[in-house]
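Coordinate inspection notes
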Amino acid sequence: MAIDTTVVSNTIQPHFSKKLLEKAVPLLRLAETAQLEELPSNIGATSVRFFRPPEPSLTGTGAPAALSEGVAPTAYRDIAYTPIDVTLAQRGQVAKVTDIANNVGLFNYLNQAIELMSEEFALDFDTLIRNPLAHPSTGLVKRYAQGLANFAGLAAASAANGRLVPRDLLDAMTALRIARAPTFNGKYVAHLPPQLIRDLLEDADFREIIRNNHAEKIFKGEVGEYFGCKIVDNTNPFQEDETEGTYAPTFNSGGTNQTGFIYTAMIVGRGCYGAVNMKKLGATPHKPQVIIVDKPDSNNPLGQYILAGWKAFEAAVVLNRNWGRAVRAKSRFVE
């Protein structure tokens, strides 16, 4: 007996389109602090141009200078923005759901398929943003935990001597202030993996600052704010083993010593990096377009399966590497 595909389509389309938004938003940490540029429809372009504003200088042509009465200035300050182009990459995913005998079972299968795809979409887009930021030469300016000089020194250090300490956050924020990096409503944002947050919470100095200034957040289980830096938990960190710049997969729980891993904390200011916003094309980084194909066709003449998928244009770029710091550190966490 065939399922009435019209009834199925009318029933599930509004519900499951919203499901992807619900699941994806909490996972897209890096997208939340990206500078988003719109890609309008019908412009015949597959790339987006960001503009880096000029930095203040007292030595360039047209800088502030003494004036003489009755003498007009002859040097003018040129305002030039540096263009940064990024080409869009179209990405997507399709799940195949087998036709079944009743609507209840069909709903369960589609629900599971779209929930899984929503999480994988979020992970994919977060990774697309993360990797350029962590690049050792073109990404954010590098720092190493506890003032270590380089990657080799960090790799050779013990977990205790290579872990992230509160001073590392202070040093990174100081560097951003010196670079005059813009803030998010007066605050910088630190994207930290759970392993590095664990080490900070174990630090007595860090706990004292949080307890004195943000006591209510302790009871909510939140990390809090440290001297003007909001700390965000990011479960998709860039991690390395022996080679800097090469992503290393997660250790299996129990067995391999995880204290050898090197994790990257990203402390960023506003405008440090950018991503493309597809809102005018009917999608956003938080909600790609969902497509459900539930009608028989030449490849599926008996309607024996339903296809559900999403597609989105994704692109990310470092706009000003001096407005962010990638702090590499070890962790004392062992599972």
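Worth saying up front: this structure is predicted, and the values here are computed from it rather than measured.

So, how was this worked out
Residues numbered from 1 in each chain as written. Predicted model: local features only at pLDDT ≥ 70, side-chain atom pairs only at ≥ 80, totals over all residues. Heavy atoms only, no water. Helix = DSSP H or I, 4+ residues; strand = E, 2+ residues; numbered from the N terminus. Buried < 20%, exposed > 50% of the residue type's maximum accessible area, 1.4 Å probe, protein only. Contact = heavy atoms within 4.5 Å. Areas by Shrake-Rupley, 256 points an atom, 1.4 Å probe, with all protein chains shown as cover. Pairing = 2+ DSSP bridges. Phe/Tyr/Trp six-rings, centres within 6.5 Å; stacked < 30°, edge-to-face > 60°. Core = buried A, V, L, I, M, F, W, Y, C linked by side-chain atoms within 4.5 Å. Salt bridge = Lys/Arg side-chain N within 4 Å of Asp/Glu carboxyl O.

This part is about the overall build of the protein. In terms of helices and strands, the protein carries 9 helices and 15 strands. Every one of the 335 residues in the protein was classed for burial, and the buried ones make up 42%. Considering only contacts in the protein between residues 6 or more positions apart, those separated by 24 or more positions represent 78%. Of the accessible surface of the protein, which amounts to about 17700 Å², a share of 53% is contributed by carbon and sulfur atoms.

Once that is clear, we can look at the pairing of strand S6 (residues 188-192). When you tally the buried positions in S6, you get 5 out of 5 residues, the bulk of the element. Across the two faces of S6 the burial is the same, with Tyr188, Ala190 and Leu192 and Val189 and His191 all buried. Judged from the 5 bridges that link them, S6 and strand S8 (residues 229-233) form a sheet pairing that is parallel. Directly across from Val189, in S8, lies its bridge partner Lys230. In terms of strand pairing, S6 meets strand S10 (residues 262-268) through 3 bridges, oriented antiparallel. Of the residues in S10, the one forming a bridge with Val189 is Val268.

The next subject is the packing of aromatic side chains. Going through the model one piece at a time under the given rule, you end up with 3 aromatic pairs. Note on Phe121 and Phe125: the rings are 6.4 Å apart at their centroids and 10° apart in plane angle, and the pair reads as stacked. Linking Phe121 with Phe125, this pair stays in helix H3 (residues 103-134), spanning 4 residues, or about one helical turn. Look at Phe125 and you get buried, because its relative accessible area is 2%.

Take the nonpolar core next. Ranked by internal contacts, the top residues of the largest apolar core, which has 59 residues, are Ile129, Leu133, Leu192, Ile231, Ile267, Val268 and Tyr273. A total of 9 residues in this core trace back to one element, the largest contributor, which is H3. Residue contacts for Ile129: discarding those within four places in its chain leaves Leu30, Ala31, Tyr273, Ala275 and Ala316. If you look at the next biggest cluster of nonpolar residues, it comprises 8 residues, including Val48, Val86, Val276 and Ala315.

So, on to the pattern of salt bridges. Taken as a whole, this structure holds 9 salt bridges when the rule is applied. One salt bridge in this structure joins Arg332 and Glu202, with 2.9 Å as the shortest N-O distance. With a gap of 130 residues between them, Arg332 in the segment after strand S15 (324-329) and Glu202 in helix H7 (residues 194-202) connect regions that are remote in the sequence. Judged by its relative accessible area of 33%, Arg332 falls in the partly exposed class. Between Arg328 and Glu244 there is a salt bridge, with its nearest N and O atoms 3.7 Å apart. Of this pair, Arg328 sits in strand S15 while Glu244 sits in the loop between strand S9 (239-240) and S10, placing them 84 residues apart in sequence. Overlapping salt bridges, with partners in common, bring together Lys142, Glu240, Glu244 and Arg328 in one network.

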